[in-house]
Amino acid sequence: MHIARLVPGMETSDGAGVRLTRMIGTPQVDMIDPFLMLDRFDNEDPGAYIGGFPEHPHRGFETVTIMLDGKMRHRDSTGGEGVIGPGDVQWMTAGRGIIHSEMPEQIEGRMRGFQLWVNLPAADKMKAPGYQDITVDTIPVVEEDGVRVHVVAGSYGDAAGPAKSHTPIRLLRIEMEPNATWSFNPEAGRNSFFCLYEGSVSGSDNLGSDKQAQAPSLAVLAGTGETRLAAGPEGAALFLGEGTPIGEPVARYGPFVMNSRDELIQAFQDFESGRFGN
Ligand code: FE
(Lines give C-alpha, C1' and ligand atoms only; values in the text may rest on other atoms or scores of the structure.)
Protein backbone atom coordinates (compact mmCIF):
# COMPACT_ATOMS: atom_id res chain seq x y z
CA MET A 1 0.00 0.00 0.00
CA HIS A 2 1.34 3.43 -0.95
CA ILE A 3 0.28 7.01 -1.58
CA ALA A 4 -0.74 7.07 -5.24
CA ARG A 5 -1.85 10.69 -5.42
CA LEU A 6 -2.03 13.81 -3.27
CA VAL A 7 -4.63 16.44 -4.11
CA PRO A 8 -5.48 19.74 -2.40
CA GLY A 9 -9.25 19.57 -3.05
CA MET A 10 -11.45 22.15 -4.72
CA GLU A 11 -12.96 25.25 -3.11
CA THR A 12 -16.71 25.43 -3.55
CA SER A 13 -19.90 26.25 -1.69
CA ASP A 14 -23.05 24.28 -1.04
CA GLY A 15 -26.32 24.57 0.89
CA ALA A 16 -27.11 28.23 1.62
CA GLY A 17 -23.63 29.54 0.88
CA VAL A 18 -21.53 27.31 3.15
CA ARG A 19 -17.91 27.48 2.07
CA LEU A 20 -16.17 24.14 1.84
CA THR A 21 -13.40 22.25 0.12
CA ARG A 22 -14.45 19.20 -1.88
CA MET A 23 -11.80 16.49 -1.54
CA ILE A 24 -13.61 13.61 -3.28
CA GLY A 25 -16.23 14.17 -5.98
CA THR A 26 -14.16 16.58 -8.10
CA PRO A 27 -12.69 16.50 -11.61
CA GLN A 28 -9.39 15.32 -9.99
CA VAL A 29 -10.90 12.57 -7.84
CA ASP A 30 -14.33 11.59 -9.14
CA MET A 31 -14.99 8.92 -6.52
CA ILE A 32 -13.18 6.27 -4.52
CA ASP A 33 -15.76 3.48 -4.67
CA PRO A 34 -17.79 3.20 -2.36
CA PHE A 35 -16.99 6.80 -1.31
CA LEU A 36 -18.81 9.28 -3.54
CA MET A 37 -17.90 12.56 -1.97
CA LEU A 38 -15.88 14.07 0.85
CA ASP A 39 -16.34 17.70 1.85
CA ARG A 40 -14.09 19.41 4.37
CA PHE A 41 -15.33 22.55 6.06
CA ASP A 42 -13.28 24.86 8.27
CA ASN A 43 -14.66 28.35 8.73
CA GLU A 44 -14.01 30.91 11.48
CA ASP A 45 -16.18 33.50 9.77
CA PRO A 46 -19.89 32.90 10.54
CA GLY A 47 -20.75 34.41 7.15
CA ALA A 48 -19.16 31.33 5.57
CA TYR A 49 -21.38 28.80 7.45
CA ILE A 50 -24.37 30.51 9.06
CA GLY A 51 -26.74 29.77 6.15
CA GLY A 52 -26.27 26.03 6.77
CA PHE A 53 -28.03 23.41 4.68
CA PRO A 54 -31.78 24.08 4.77
CA GLU A 55 -34.27 21.32 3.89
CA HIS A 56 -33.20 19.20 0.94
CA PRO A 57 -33.79 15.61 -0.22
CA HIS A 58 -31.47 12.62 -0.67
CA ARG A 59 -31.90 9.15 -2.16
CA GLY A 60 -29.65 6.18 -2.72
CA PHE A 61 -26.70 6.55 -0.30
CA GLU A 62 -25.59 7.46 3.23
CA THR A 63 -24.22 10.75 4.56
CA VAL A 64 -21.74 10.78 7.42
CA THR A 65 -20.96 14.05 9.17
CA ILE A 66 -17.99 14.24 11.51
CA MET A 67 -17.71 17.36 13.64
CA LEU A 68 -14.37 18.63 14.89
CA ASP A 69 -15.35 22.11 16.08
CA GLY A 70 -18.72 23.77 16.43
CA LYS A 71 -22.26 22.45 16.60
CA MET A 72 -24.79 21.48 13.97
CA ARG A 73 -28.45 20.50 14.31
CA HIS A 74 -29.81 17.77 12.08
CA ARG A 75 -33.53 17.23 11.51
CA ASP A 76 -35.12 14.81 9.08
CA SER A 77 -38.42 13.54 7.74
CA THR A 78 -38.14 10.21 9.62
CA GLY A 79 -38.24 12.12 12.91
CA GLY A 80 -34.48 11.83 13.37
CA GLU A 81 -33.03 14.84 15.15
CA GLY A 82 -29.83 15.60 16.99
CA VAL A 83 -27.23 18.25 17.72
CA ILE A 84 -23.71 17.11 17.00
CA GLY A 85 -20.69 18.77 18.58
CA PRO A 86 -16.91 18.17 18.57
CA GLY A 87 -16.08 14.49 18.00
CA ASP A 88 -19.71 13.50 17.37
CA VAL A 89 -20.85 11.78 14.19
CA GLN A 90 -24.17 11.90 12.39
CA TRP A 91 -24.92 8.94 10.17
CA MET A 92 -27.91 9.25 7.89
CA THR A 93 -29.15 6.54 5.56
CA ALA A 94 -31.11 8.26 2.83
CA GLY A 95 -32.30 4.95 1.36
CA ARG A 96 -35.44 5.43 -0.76
CA GLY A 97 -35.82 9.04 0.29
CA ILE A 98 -35.33 11.47 3.12
CA ILE A 99 -35.63 15.22 3.52
CA HIS A 100 -33.33 16.81 6.04
CA SER A 101 -31.72 20.03 7.18
CA GLU A 102 -28.30 20.57 8.71
CA MET A 103 -28.05 23.94 10.41
CA PRO A 104 -25.35 25.51 12.57
CA GLU A 105 -26.29 25.67 16.24
CA GLN A 106 -24.01 28.66 16.83
CA ILE A 107 -23.70 32.20 15.54
CA GLU A 108 -19.97 32.62 16.03
CA GLY A 109 -16.79 30.59 16.47
CA ARG A 110 -15.08 27.95 14.40
CA MET A 111 -17.07 25.36 12.43
CA ARG A 112 -14.91 22.48 11.30
CA GLY A 113 -15.51 18.92 10.15
CA PHE A 114 -16.24 16.58 7.27
CA GLN A 115 -19.15 15.19 5.35
CA LEU A 116 -18.63 11.89 3.59
CA TRP A 117 -21.07 10.27 1.16
CA VAL A 118 -21.03 6.48 1.18
CA ASN A 119 -22.78 4.75 -1.68
CA LEU A 120 -25.36 2.00 -1.21
CA PRO A 121 -25.50 -1.05 -3.49
CA ALA A 122 -28.55 -1.34 -5.78
CA ALA A 123 -30.12 -3.85 -3.38
CA ASP A 124 -30.09 -1.28 -0.55
CA LYS A 125 -30.79 1.98 -2.38
CA MET A 126 -34.55 1.80 -1.85
CA LYS A 127 -34.52 0.58 1.74
CA ALA A 128 -36.14 2.56 4.54
CA PRO A 129 -34.28 5.73 5.56
CA GLY A 130 -32.61 5.89 8.96
CA TYR A 131 -30.59 8.05 11.28
CA GLN A 132 -27.84 7.30 13.83
CA ASP A 133 -26.66 9.92 16.27
CA ILE A 134 -23.19 8.80 17.36
CA THR A 135 -21.83 10.72 20.32
CA VAL A 136 -18.12 11.08 20.99
CA ASP A 137 -18.30 9.06 24.25
CA THR A 138 -19.42 5.96 22.30
CA ILE A 139 -16.50 6.11 19.84
CA PRO A 140 -13.63 3.88 21.07
CA VAL A 141 -10.16 5.37 21.15
CA VAL A 142 -7.18 3.04 20.71
CA GLU A 143 -4.04 4.52 22.24
CA GLU A 144 -0.73 3.54 20.70
CA ASP A 145 2.73 5.03 20.98
CA GLY A 146 2.07 8.74 20.36
CA VAL A 147 -1.04 7.94 18.33
CA ARG A 148 -4.76 8.01 19.15
CA VAL A 149 -7.08 6.15 16.81
CA HIS A 150 -10.81 6.99 17.04
CA VAL A 151 -12.80 4.08 15.65
CA VAL A 152 -15.98 5.44 14.06
CA ALA A 153 -16.93 2.51 11.82
CA GLY A 154 -15.53 -0.98 11.25
CA SER A 155 -12.93 -2.49 13.55
CA TYR A 156 -9.42 -1.59 14.56
CA GLY A 157 -7.46 -3.89 16.87
CA ASP A 158 -9.93 -5.08 19.50
CA ALA A 159 -12.15 -2.01 19.08
CA ALA A 160 -15.31 -1.83 16.98
CA GLY A 161 -16.83 1.43 15.85
CA PRO A 162 -20.47 2.15 16.84
CA ALA A 163 -21.69 3.11 13.34
CA LYS A 164 -23.90 0.62 11.54
CA SER A 165 -22.85 0.89 7.93
CA HIS A 166 -24.69 -0.87 5.09
CA THR A 167 -21.57 -1.01 2.91
CA PRO A 168 -18.51 -2.67 4.49
CA ILE A 169 -16.24 0.22 5.43
CA ARG A 170 -13.82 1.38 8.09
CA LEU A 171 -13.62 5.00 9.19
CA LEU A 172 -10.89 6.14 11.57
CA ARG A 173 -9.76 9.49 12.87
CA ILE A 174 -6.08 9.45 13.77
CA GLU A 175 -4.20 11.97 15.87
CA MET A 176 -0.41 11.70 15.81
CA GLU A 177 2.03 13.45 18.12
CA PRO A 178 5.09 15.14 16.61
CA ASN A 179 7.28 12.57 14.81
CA ALA A 180 5.06 9.64 15.81
CA THR A 181 4.67 6.75 13.36
CA TRP A 182 1.62 4.66 12.59
CA SER A 183 1.16 1.59 10.40
CA PHE A 184 -2.03 0.77 8.62
CA ASN A 185 -3.04 -2.41 6.85
CA PRO A 186 -6.32 -2.21 4.96
CA GLU A 187 -8.35 -5.31 4.22
CA ALA A 188 -7.46 -6.89 0.89
CA GLY A 189 -9.53 -5.68 -2.05
CA ARG A 190 -10.62 -2.45 -0.43
CA ASN A 191 -10.17 1.11 -1.66
CA SER A 192 -8.75 3.61 0.80
CA PHE A 193 -7.85 7.25 1.29
CA PHE A 194 -6.94 9.64 4.05
CA CYS A 195 -7.62 13.32 4.39
CA LEU A 196 -4.87 15.08 6.31
CA TYR A 197 -6.42 18.02 8.16
CA GLU A 198 -3.64 19.05 10.57
CA GLY A 199 0.15 19.03 10.32
CA SER A 200 2.10 16.87 7.93
CA VAL A 201 2.85 13.18 7.33
CA SER A 202 5.15 11.25 5.10
CA GLY A 203 4.53 7.87 3.56
CA SER A 204 5.93 6.05 0.60
CA ASP A 205 4.92 6.35 -3.04
CA ASN A 206 4.69 3.46 -5.51
CA LEU A 207 8.49 3.37 -5.94
CA GLY A 208 9.18 3.33 -2.21
CA SER A 209 10.34 6.94 -2.12
CA ASP A 210 9.17 9.32 0.57
CA LYS A 211 6.07 11.32 -0.22
CA GLN A 212 5.24 14.23 2.06
CA ALA A 213 1.69 15.48 2.59
CA GLN A 214 0.84 18.87 4.10
CA ALA A 215 -2.58 19.65 5.57
CA PRO A 216 -5.04 20.09 4.08
CA SER A 217 -4.77 17.40 1.45
CA LEU A 218 -6.32 14.17 0.29
CA ALA A 219 -4.14 11.10 -0.20
CA VAL A 220 -5.47 8.40 -2.50
CA LEU A 221 -3.96 5.06 -1.48
CA ALA A 222 -3.26 2.13 -3.79
CA GLY A 223 -1.60 -1.27 -3.75
CA THR A 224 -1.73 -3.86 -0.99
CA GLY A 225 -0.17 -4.60 2.36
CA GLU A 226 0.91 -2.41 5.20
CA THR A 227 1.75 1.26 4.90
CA ARG A 228 3.64 3.33 7.44
CA LEU A 229 3.04 7.01 8.04
CA ALA A 230 5.36 9.31 9.96
CA ALA A 231 4.10 12.60 11.40
CA GLY A 232 6.11 15.75 10.90
CA PRO A 233 7.54 17.91 13.72
CA GLU A 234 4.15 19.57 14.38
CA GLY A 235 2.23 16.26 14.54
CA ALA A 236 -0.67 15.31 12.30
CA ALA A 237 -4.38 14.57 12.28
CA LEU A 238 -6.11 12.62 9.56
CA PHE A 239 -9.42 11.09 8.64
CA LEU A 240 -9.08 7.70 7.00
CA GLY A 241 -11.65 5.76 5.01
CA GLU A 242 -11.46 2.24 3.65
CA GLY A 243 -14.24 0.39 1.88
CA THR A 244 -15.19 -2.54 -0.28
CA PRO A 245 -15.94 -1.23 -3.78
CA ILE A 246 -19.54 -1.75 -4.87
CA GLY A 247 -18.56 -1.96 -8.52
CA GLU A 248 -21.94 -0.91 -9.95
CA PRO A 249 -22.71 1.92 -12.40
CA VAL A 250 -23.16 5.28 -10.67
CA ALA A 251 -25.66 7.85 -11.92
CA ARG A 252 -25.66 10.97 -9.78
CA TYR A 253 -27.26 14.32 -9.92
CA GLY A 254 -27.28 16.75 -7.01
CA PRO A 255 -28.71 15.03 -3.94
CA PHE A 256 -29.56 11.73 -5.65
CA VAL A 257 -27.20 8.84 -6.40
CA MET A 258 -28.65 5.90 -8.31
CA ASN A 259 -27.51 3.26 -10.83
CA SER A 260 -29.13 4.67 -13.97
CA ARG A 261 -30.47 7.88 -15.51
CA ASP A 262 -34.00 6.48 -15.45
CA GLU A 263 -33.75 5.96 -11.70
CA LEU A 264 -32.58 9.57 -11.30
CA ILE A 265 -35.58 10.84 -13.24
CA GLN A 266 -37.79 8.65 -11.05
CA ALA A 267 -36.15 10.17 -7.95
CA PHE A 268 -37.00 13.71 -9.13
CA GLN A 269 -40.58 12.70 -9.94
CA ASP A 270 -41.05 11.00 -6.57
CA PHE A 271 -39.62 14.00 -4.73
CA GLU A 272 -41.75 16.50 -6.65
CA SER A 273 -44.91 14.53 -6.05
CA GLY A 274 -44.24 14.45 -2.32
CA ARG A 275 -43.33 10.78 -2.07
CA PHE A 276 -40.19 11.42 -0.03
CA GLY A 277 -39.98 10.97 3.69
CA ASN A 278 -43.20 9.01 3.98
FE1 FE B 1 -27.79 16.64 3.09
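Description of the structure in this document.

The rules we used
Residues numbered from 1 in each chain as written. Predicted model: local features only at pLDDT ≥ 70, side-chain atom pairs only at ≥ 80, totals over all residues. Heavy atoms only, no water. Helix = DSSP H or I, 4+ residues; strand = E, 2+ residues; numbered from the N terminus. Rg over C-alpha atoms; globule rule 2.2 N^0.38 Å. Buried < 20%, exposed > 50% of the residue type's maximum accessible area, 1.4 Å probe, protein only. Contact = heavy atoms within 4.5 Å. Areas by Shrake-Rupley, 256 points an atom, 1.4 Å probe, with all protein chains shown as cover. Donors = N, O, S within 2.8 Å, 3.2 Å for Na, K, Ca; no water. Pairing = 2+ DSSP bridges. Axes fitted to C-alpha atoms, helices over the stretch in contact; angles between N-to-C directions. Phe/Tyr/Trp six-rings, centres within 6.5 Å; stacked < 30°, edge-to-face > 60°.

It is worth spelling out the overall build of the protein chain at this point. Check the secondary structure of the protein chain and you find two helices and 24 strands. For a compact globule of 278 residues, the expected C-alpha radius of gyration is about 19 Å, and the protein chain comes in at 18 Å, within 12% of that figure. Across the 278 residues in the protein chain, those meeting the buried criterion constitute 53%. Partitioning the contacts of the protein chain with sequence separation of at least 6, the portion at a separation of at least 24 is 72%. Carbon and sulfur atoms provide 48% of the accessible area of the protein chain, an area that totals close to 11700 Å².

Looking at the iron ion, the protein donor atoms are His56 (NE2), His58 (NE2) and His100 (NE2), and they sit 2.1 to 2.2 Å from it. Between the donor residues of the iron ion, the gaps in sequence give the motif H-x1-H-x41-H.

Within the open sheet, the seven strands sit side by side as S2-S3-S4-S11-S6-S9-S12. Their pairing is antiparallel. Both edges of this open sheet fall to strand S2 (10-14) and strand S12 (130-134), since each of them pairs with a single strand only. Averaged over neighbouring strand pairs, the angle between their axes works out to 20° when direction is ignored. Here strand S4 (residues 35-43) runs beside strand S11 (residues 111-119); their pairing, made up of eight bridges, is antiparallel. Bridge assignment links Asp42 to a residue of S11, and that residue is Arg112.

Turning our eyes to something else, we now look at the packing of aromatic side chains. For the structure shown, the criterion picks out eleven aromatic pairs. Look at Phe35 and Phe193: their rings are 5.2 Å apart centre to centre, the planes differ by 85°, and that puts the pair in the edge-to-face class. Taken together, the residues span a long stretch of sequence, with Phe35 in strand S4 and Phe193 in strand S19 (residues 191-204) at a distance of 158 residues. Among the aromatic residues, ring-to-ring pairing joins Phe35, Phe114, Phe193, Tyr197 and Phe239 into one connected group.

Read these as layout, nothing more, since geometry by itself doesn't imply function.
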